[in-house]
Amino acid sequence: YLSSGGFYSEDNKHLGLFVADSQILSESTQSSLLNGYFSIKKSGVVDISANIPEVPVYAIQSGPILIFESKTQLLTLQRDEKARRIIVAITKSDDVVFMAIYEAKSPIFGPELKELPEILDEIQRNTSLKFDAALNLDGGSHSAFITDIVSLTEIAPIGSYFCVNP
C-alpha cells in the first residue's frame, strides 16, 4: 500500500521537518498551516503532535492537525479549495490509519480542508474507528493512495510517500 506524505515546494524541497532512517533531511519550520508532526520512533511508537518529535526514525511536518487528544480542531483558513485529501490518523487503540477522501465522480476533487474535521467526526459516528489524533497530509494533484481496492495516482509529482506491506 502507498500513501502520499508531506508537502513539497515547487523547487522539490521538503516543507518542514522530514526525517528518514533517523537522518534529518529537512529542518522544522514555523507555519500556521503545517502545525503538526507525524513520527515513528525506534520502539515503534507512533505519534501525531504539535511538538517537534525527539529522536524519531521517521517524521514529517504537515498539517493542519485535524484531531488532537480526541478533540476535533476548528480550522480557520485564509484560502481553501476543494481537493482530494490524504489523512493519517492514530486510533484510540494506537493503530495507524491512512485515508483518502475524495468525490466518487471525480477522484481528484474532494472537500475543502475546513470540512475535514466534521468528515472525520462523521466517520467516527458511522464506523468502529475512534481517533485520538489526525493530521492532513499532501493532497490534491500531488497525492497518491494505492491499496488493493483503491488506486489514486498522482497527476503532479509527490514529494514523499509512505509504503506499508500489509
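To be clear, the structure that these remarks concern was listed above.
Anyway, here's the lowdown on the structure attached to this text. Every value quoted in this text rests on a predicted model; they were computed, and no experiment measured them.

Strand order across the open sheet formed by 5 strands is 3-2-6-4-5, with antiparallel pairing between neighbours. A strand with exactly one partner marks an edge of an open sheet, and here the two such strands are strand 3 (23-26) and strand 5 (46-49). On average, each strand axis in the sheet is inclined to that of its neighbour by 20°, with strand direction left out of account. In this structure, strand 2 (residues 18-20) lies alongside strand 6 (residues 58-62), joined through 2 bridges in antiparallel fashion. Opposite Phe18, over in strand 6, you have Ile60 as the bridge partner.

Quick look at the pairing of strand 7 (residues 65-68) now. Each regular strand carries side chains that alternate between the two faces of the sheet. Across 2 bridges, the pairing between strand 7 and strand 11 (residues 131-137) is antiparallel. If you follow Ile67 over to strand 11, its bridge partner there is Ala134. Both strand 7 and strand 8 (residues 71-72) contribute to a ladder of 2 bridges, which runs antiparallel. Its bridge partner being in strand 8, Phe68 is matched across the sheet by Lys71. Connecting strand 7 to the antiparallel partner strand 8 that follows it, the hairpin turn spans 2 residues, and Glu69 within it adopts a positive phi of roughly 50°.

What follows deals with the pattern of salt bridges. Enumeration according to the criterion identifies 4 salt bridges in this entry. One salt bridge connects Asp80 with Arg85, and the closest N-O pair in it is separated by 3.6 Å.

Inspection of every chain in the model, using the stated rule, returns 3 aromatic pairs. Arranged with centres 6.3 Å apart and planes meeting at 80°, the rings of Phe38 and Phe98 form a pair that is edge-to-face. Taken together, the residues Phe38 in strand 4 (residues 36-40) and Phe98 in strand 10 (residues 96-101) connect sequence positions 60 residues apart. You can call Phe38 buried: its relative accessible area is 3%. Between Phe38 and Phe162, the ring centres sit 5.6 Å apart and the planes meet at 85°, which makes this aromatic pair edge-to-face. One end of the pair, Phe38, is in strand 4; the other, Phe162, is in strand 14 (residues 161-163), with 124 residues separating them in the sequence.

Glancing now at the sheet that holds strand 11. Backbone-to-backbone hydrogen bonds join strands into a sheet, with any given pair of strands oriented parallel or antiparallel. Taken in spatial order, the 5 strands line up as 8-7-11-9-10 in an open sheet, and their pairing is antiparallel. Each edge of the open sheet carries a strand with a single partner, namely strand 8 and strand 10. In this structure, strand 9 (residues 85-91) lies alongside strand 10, joined through 6 bridges in antiparallel fashion. By the bridge assignment for strand 10, Ile86 is matched with Ala100.

Phe38, Ile48, Ile60, Val88, Leu135 and Leu137 are the most contacted members of the largest nonpolar core, which totals 16 residues. Contributing elements (two or more residues each) for this core: strand 5, strand 9 and strand 11. With sequence-adjacent residues up to four places away left out, Leu137 is seen in contact with Ser3, Ser4, Gly5, Phe7, Ile60, Ser62, Ile86, Ile87, Val88, Phe98 and Phe162.

Parameters and conventions
Residues numbered from 1 in each chain as written. Predicted model: local features only at pLDDT ≥ 70, side-chain atom pairs only at ≥ 80, totals over all residues. Heavy atoms only, no water. Pairing = 2+ DSSP bridges. Helix = DSSP H or I, 4+ residues; strand = E, 2+ residues; numbered from the N terminus. Axes fitted to C-alpha atoms, helices over the stretch in contact; angles between N-to-C directions. Salt bridge = Lys/Arg side-chain N within 4 Å of Asp/Glu carboxyl O. Phe/Tyr/Trp six-rings, centres within 6.5 Å; stacked < 30°, edge-to-face > 60°. Buried < 20%, exposed > 50% of the residue type's maximum accessible area, 1.4 Å probe, protein only. Core = buried A, V, L, I, M, F, W, Y, C linked by side-chain atoms within 4.5 Å. Contact = heavy atoms within 4.5 Å.

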